[in-house]
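Letter by letter, the chains look like this.
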Amino acid sequence: MQRLHAASILILISILFTFAPMPAAGAQVELLYAADKPQVVFASSEIRAALTARGDACILHLLDALGTPWKASTVESIRIVLASSAEESRHVAETLGVDPLKTAAVAQSYAIRRQSAAGRITYAVLAADPVGAMYGGLDLAEAVRLNTLASLKDSDHTPFIAQRGIKFNIPLDARTPSYSDASDSAQQNISEVWHMGFWHEYLDELARQRFNVLSLWNLHPFPSMVIVAEYPNVALADVMRTTEKFDSSYDLTGKDMVRPALLAHMEMVKKMTIEQKIAFWREVMDYAHDRGISVYVYTWNIFTWGADGKYGITAAQDNPTTIDYFRKSVRAILVTYPRLAGIGVTAGESMQNLQGEYSKEMWLRKTYGAGVEDVRKLQPERSIDLIHRMNQANLNQVLPSWLDYPKPFDLSYKYSAAHMYSLAAPPFATRDLVDMPSSLRTWMELRNDDIYSFRWGDPVYTRAYLRALPGPEVMAGFNMGPDGYTWGREYIGTEPESPRQLVVKKQWYSFMLWGRLSYDPSLPDALFERTLTVRYPEAPTDKLFAASEASSKVIPEINRFFWASGGNDLAWFPEACLSHPKHHGFYTVKDFMNGATTPGSDIMNIREYTSAVLQSAPTTGITPPQVADQLRADATQALKLLDAMPSPGSDKELRLTLGDLRAMAYLGEYYADKIMGATELAAYGATHDAQRRASSVRYLQSAVDDWKQYAAIATRQYRPQLLTRVGYVDLNELTAKVEHDVQIANE
């Protein structure tokens, strides 16, 4: 698509704004910036939109106009200046006579300087690079929206975590599925990920929240994204989706994600040649770059969907043709997409523990490693990051196979297993990466297989979690996201927008907390409170902020108490007290009696606690009744605050937000009663004291009431859905399972 030169656009817009009638009550704001930096152009558009929304007039100028003489005026005027390089920042600081950008400023850094002279206030962003200028400009746009511009003071900003990423399991096609394709959210989003408007909206929102990495995860993406010269017929035209219904029978490692029945019943989502697909993804990556976002592709292995059987390609680990095909595919995707920052690889979910030349690590080295090296020879000036996931890998096997590999080469590790909403400082990396040499760094995978449906917001937990992450000498960055849900558009809401909301917009507060605080964890609660005030002017901010914080504590608290199968995603979904039917299904009161707590949580499980109490031994750590008390206290506080809130009136988003918070509070009540019911039942089992059983029954009957309240609110707002990692989730259907706990206690 032909594009006008940025400077030409700026001049045109400047003329339009200059001669447009100005609102009588509004201020006149001049905005100066260099028009050849797309990141800065985006920030300027956000500033203009914020000014226009409050009735101010915006006049655009090139940065060269900074030195234009200003005639003093009795009417106060505002000027905003965006400098997007060290040289521009030095020039602006000298011209304005303000403190310069710190000389040690790293990438993405910026300073905000305020100058008042001759009846004009100037707000200057002095940045180390265009991304820093964009972030500074977004700060100013936010200050305009929140009506806090006048209170801004001089400040300096540098990223706390340099690379802040989103994990997106991308459903490209029925023939090239992702790990999450056996789910409603994935199937609904196949058409979305091939729509450019989706990516513009998505990437704009990531930039606003200061995320700067997008990782696209797929079992075998190459046929849908590239032409491999040596294997041209592997490339797939068109975008296809199956019309067959998925269910819970699919293999949990992705090994049968493409069944013959699926391929026999397909519909075309979009007609495209492979050349058009390539042009599409190039535009996506260009747009991401224009928002300061690096794009990575991650794969699992060995999957050959879309290529299997062609040219002799199979999923066999010892097939030389398959090895050559993967090497050439890696080369092709990197050459085809010069904006692609790197590739992440997994030594699973479909690899054998062979020895010798076809071992896991040798296979990865001959395919992905060699493919990246091929491109480095072709493009020696290009930095390409190869990221080796530790999932299903052994560090003692990885190191000898890759230590001589040219950098950049990083590891990737599931920092909280599958549950980032558990411990703010999980112990697993300290245990598993103790032998990682200082020459390597790791990406942390912050897996959210905890909260798919609900809005969440607890800045205290978010700050503590981010501050506990390893420093830059160990951690390269993070990728945050789920495996069992697709973070595209939401398709479970019973009152949908048109088009459907992006998950990152529906759950905007959560993404704001994780994105903004990972750039700067010192941001005060006052920023988030003010944001809530402006977004929901009819709601008392103090109550809304506190209710969100209280109800958002529920999921981390229950995850610390109940830790199934090492924190595996298929083993525990706290929204439904559920695991995949192939794993265990619904967790009963007996399962809670015998359950484990999260390592490092200092929480006693029910068996340990019961044994200590019955032996009159001292209890060590946090007891199950204390966990139940804390859950109940947080739930009670949230419900009390929510009950005191006025009606949301016609504000649908506020009404749904309050519904989410209320639902999570009742879920907290449910788990509090279930923990106490399990604790009392364990005591009955050890003592045969009928009063303990009666107490257990009372708690479990109360848990049934809690669940019904929870399910009623949640299903008023959300439809049941099929999830890849835990199967079909229908909260109303699960009520019978919850009621069965009472029967178990009575037996």
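Cut-off values and rules
- As a convention, each chain's residues are numbered from 1 in the sequence order in which they are written.
- Totals for whole chains, interfaces and linings use all residues, but because this is a predicted model, local features are given only for residues with pLDDT of at least 70 and pairs of side-chain atoms are given and counted only at 80 or more.
- Side-chain measures were taken over the full set of non-hydrogen atoms in the model, leaving aside hydrogen atoms and water.
- Secondary structure elements are defined from DSSP: runs of H or I of at least 4 residues count as helices, runs of E of at least 2 residues count as strands, and each element is numbered from the N terminus.
- In this setup the radius of gyration rests on C-alpha atoms only. A globule is expected at 2.2 Å times the number of residues raised to 0.38.
- Note on classification: 1.4 Å probe, protein chains only; a residue is buried when its accessible area is under 20% of the maximum for its type, exposed when over 50%, partly exposed between these limits.
- The nonpolar core is taken to be a set of buried Ala, Val, Leu, Ile, Met, Phe, Trp, Tyr and Cys residues, with the residues joined through side-chain atoms within 4.5 Å.
- Any pair of Phe, Tyr and Trp rings, taking the six-membered ring for Trp, is counted once the centres come within 6.5 Å. Such a pair is stacked with planes under 30 degrees apart, edge-to-face with planes over 60 apart, and tilted for the rest.
- Pairs of strands are assigned from DSSP output, requiring at least two bridges between the strands.
- Convention adopted: a line fitted to C-alpha atoms gives each axis, helices being fitted over their contacting stretch, and angles between N-to-C directions are expressed from 0 to 180 degrees.
- A contact between two residues is defined here by any heavy atoms of the two lying within 4.5 Å.
- Here a salt bridge means any side-chain nitrogen of Lys or Arg lying within 4 Å of a carboxyl oxygen belonging to Asp or Glu.
- Here, expected helix span is obtained from the residue count minus one, scaled by 1.5 Å.
- Polar contacts here mean pairs of N or O atoms no more than 3.5 Å apart (in protein, one a potential hydrogen donor and the other a potential acceptor; neighbouring residues in sequence count only if both atoms are side-chain atoms).
- Orienting the strands away from the viewer, one traces the path from the first strand over the helix to the second; a clockwise path indicates a right-handed crossover.
- In this scheme, roughly parallel covers angles under 35 degrees and roughly antiparallel covers those over 145, while 65 to 115 is roughly perpendicular and the rest are oblique.
- Note on convention: near helix rotated counterclockwise from far helix by under a right angle means a left-handed crossing. Clockwise means right-handed.
- Gly is put with the polar residues, along with every residue not named as nonpolar or charged; the nonpolar set is Ala, Val, Leu, Ile, Met, Phe, Trp, Tyr, Cys and Pro, and the charged set is Asp, Glu, Lys and Arg.
- Each residue carries a pLDDT value, the predictor's own confidence for that position, ranging from 0 to 100.

### As for the overall build of the protein chain
And step 1. Along the backbone of the protein chain there are 25 helices and 18 strands.
And step 2. A globule of 747 residues ought to have a C-alpha radius of gyration of about 27 Å, and the protein chain, at 28 Å, matches this closely.
And step 3. Overall, the protein chain is about 90 × 70 × 50 Å in size when its C-alpha atoms are taken along their principal axes.
And step 4. Expressed as a percentage of the 747 residues in the protein chain, the buried residues total 60%.

### A word on the nonpolar core
And step 1. Core analysis: the largest hydrophobic core is formed by 182 residues, its most contacted members being W199, Y202, W281 and F592.
And step 2. Ranked by residues supplied to this core, first place goes to helix α23 (residues 652-687) with 17 residues.
And step 3. Among the nonpolar cores identified, the runner-up in size contains 33 residues, and A43, C58, L60 and A127 belong to it.

### Details of the packing of aromatic side chains
For any pair of aromatic rings, geometry is given as the distance between the ring centres together with the angle between the planes.
And step 1. Across all of its chains, the model carries 56 aromatic pairs by this definition.
And step 2. Taking the centre distance of 5.4 Å and the plane angle of 70° together, the rings of W194 and W281 count as edge-to-face. With a gap of 87 residues between them, W194 in the loop between α5 (184-189) and α6 (196-208) and W281 in helix α9 (residues 274-289) connect regions that are remote in the sequence. Summarising the burial analysis for this pair, W194 and W281 share the class buried.
And step 3. Geometrically, the ring pair formed by Y452 and Y485 is stacked, given 5.1 Å between the ring centres and 10° between the ring planes. Here Y452, found in the loop between β15 (442-447) and α14 (459-468), pairs with Y485, found in the loop between β16 (475-481) and α15 (503-506); they are 33 residues apart in sequence, far enough to count as distant.
And step 4. Of the residues examined, Y452 reaches a relative accessible area of 4% and is grouped as buried.
And step 5. Exposure remark for Y485: the relative accessible area of 3% places this residue in the buried category.
And step 6. By the ring-pair criterion, three or more aromatic residues cluster together here, those being F454, F561, F562, W572, Y587, F592, Y670, Y671, W707, Y710 and Y718.

### Quick notes on the sheet that holds strand β1 (residues 28-33)
Two orientations exist for strands paired in a sheet by backbone hydrogen bonds: parallel and antiparallel.
And step 1. Strands sit in the order β2-β1-β3-β5-β4-β6 across an open sheet of six strands; the sheet is mixed. Because the sheet does not close on itself, it has two edges, and the strands there are β2 (57-62) and β6 (155-157). When the angles between neighbouring strand axes are averaged without regard to direction, this sheet yields 20°.
And step 2. Relative to β6, strand β4 (residues 110-117) runs antiparallel, the two being bridged by three bridges. Paired with Y110 across the two strands is H157, which belongs to β6.
And step 3. Against the sheet, helix α2 (residues 38-53) contacts β1, β2 and β3 (77-83), and its axis sits at roughly 175° relative to β1.

### With respect to the sheet that holds strand β13 (residues 385-389)
And step 1. Read around the closed barrel, eight strands run β7-β8-β11-β12-β13-β14-β15-β16, paired in parallel fashion. Across the sheet, the mean angle from the axis of one strand to that of its neighbour is 25°, orientation sign disregarded.
And step 2. With six bridges joining them, β15 and β16 adopt parallel strand pairing. Residue pairing for β16: R447 is matched across the bridge by G481.

### Comments concerning the pattern of salt bridges
And step 1. By the definition in use, this model includes 42 salt bridges.
And step 2. Its salt-bridge partner being R447, residue D483 comes within 3.5 Å of it at the nearest N-O pair. Of this pair, D483 sits in the loop between β16 and α15 while R447 is found in strand β15, placing the two residues 36 residues apart along the sequence.
And step 3. Its relative accessible area of 5% is what places D483 among the buried residues.

### Re helix α10 (residues 320-336)
Every α-helical turn comprises 3.6 residues, leaving residues that sit three or four positions apart pointing alike.
And step 1. For α10, with 17 residues, the first-to-last C-alpha span of 24 Å sits near the 24 Å given by 1.5 Å per residue.
And step 2. Looking only at α10, the buried set comprises T322, I323, Y325, F326, K328, S329, V330, A332, I333, L334 and T336.
And step 3. On its buried face, α10 sits against α7 (222-225), α9, β11 (294-299), β12 (340-345) and α11 (360-378).
And step 4. Regarding α10, its N-cap is N319, as a side-chain oxygen of that residue lies 2.9 Å from the backbone nitrogen of T321 further along.

### Quick look at the pairing of β16
And step 1. When you tally the buried positions in β16, you get seven out of seven residues, the bulk of the element.
And step 2. Relative to β16, strand β7 (residues 164-169) runs parallel, the two sharing three bridges. Bridge pairing in β16 links G165 to N479.
And step 3. Taking the sense of rotation as the criterion, the β-α-β connection linking β15, α14 and β16 turns out right-handed.

### Some thoughts on the packing of helix α21 (residues 606-614) against α23
And step 1. One can describe the packing of α21 onto α23 by two numbers: an axis separation of 10 Å at closest approach and a directional angle of 50°. When the axis of α21 is compared with that of α23, the two are oblique. Where α21 crosses over α23, the two elements pack in a sense that is right-handed. In contact with I606, Y609, T610 and L614 of α21, α23 contributes I675, A678, T679, A682, A683, A686 and T687.
And step 2. Split by residue class, the contact of α21 with α23 holds eight nonpolar, three polar and no charged.

### Some points on the environment of R632
And step 1. With respect to the secondary-structure elements, R632 resides in helix α22 (residues 624-643).
And step 2. The spacing of R632 and Y670 is 38 residues in sequence and 8.8 Å in space, taken between C-alpha atoms.
And step 3. Look past the residues within four positions of R632 in its chain and what remains in contact with it is E669, A672, D673, M676 and Y699.
And step 4. Only 3.5 Å separates the side chain of R632 from the side chain of E669, close enough to count as a polar contact.
And step 5. Within polar-contact distance, the side chain of R632 engages the side chain of D673 at 3.1 Å.

### Here's the deal with the confidence of the model for the protein chain
And step 1. Per-residue confidence for the protein chain gives a mean pLDDT of 95, with 96% of residues at or over 70.
And step 2. Here residues 1-25 scores under 50 on pLDDT; set against residues more than four positions off or in separate chains, the count is 21 contacts.

### Some remarks on the pairing of β15
And step 1. Within β15, six of the six residues are buried, which leaves it mostly tucked inside the rest of the structure.
And step 2. Burial along β15 is two-sided: the residues T442, M444 and L446 and W443, E445 and R447 are all buried.
And step 3. Pairing geometry for strand β14 (residues 409-418) and β15, over four bridges, is parallel. Each bridged residue has a counterpart across the sheet, and for S412 the counterpart in β15 is W443.

### Focus: unusual backbone geometry
A negative phi holds for most residues other than glycine; trans holds for most peptide bonds.
And step 1. A cis amide bond links N301 with the next residue in sequence, I302, at an omega value of -5°.
And step 2. With respect to the element layout, I302 can be found in the loop between β11 and α10.
And step 3. Cis rather than trans, the peptide bond between S498 and P499 has omega equal to 0°.
And step 4. As for its position among the elements, P499 is in the loop between β16 and α15.
And step 5. Phi is positive for A118, close to 55°, though the residue is something other than glycine.
And step 6. Relative to the elements of secondary structure, A118 occurs in the loop between β4 and β5 (120-127).
And step 7. Backbone geometry at A417 places phi at a positive 55°, although glycine is not the residue there.
And step 8. Examined against the element boundaries, A417 turns out to sit in strand β14.

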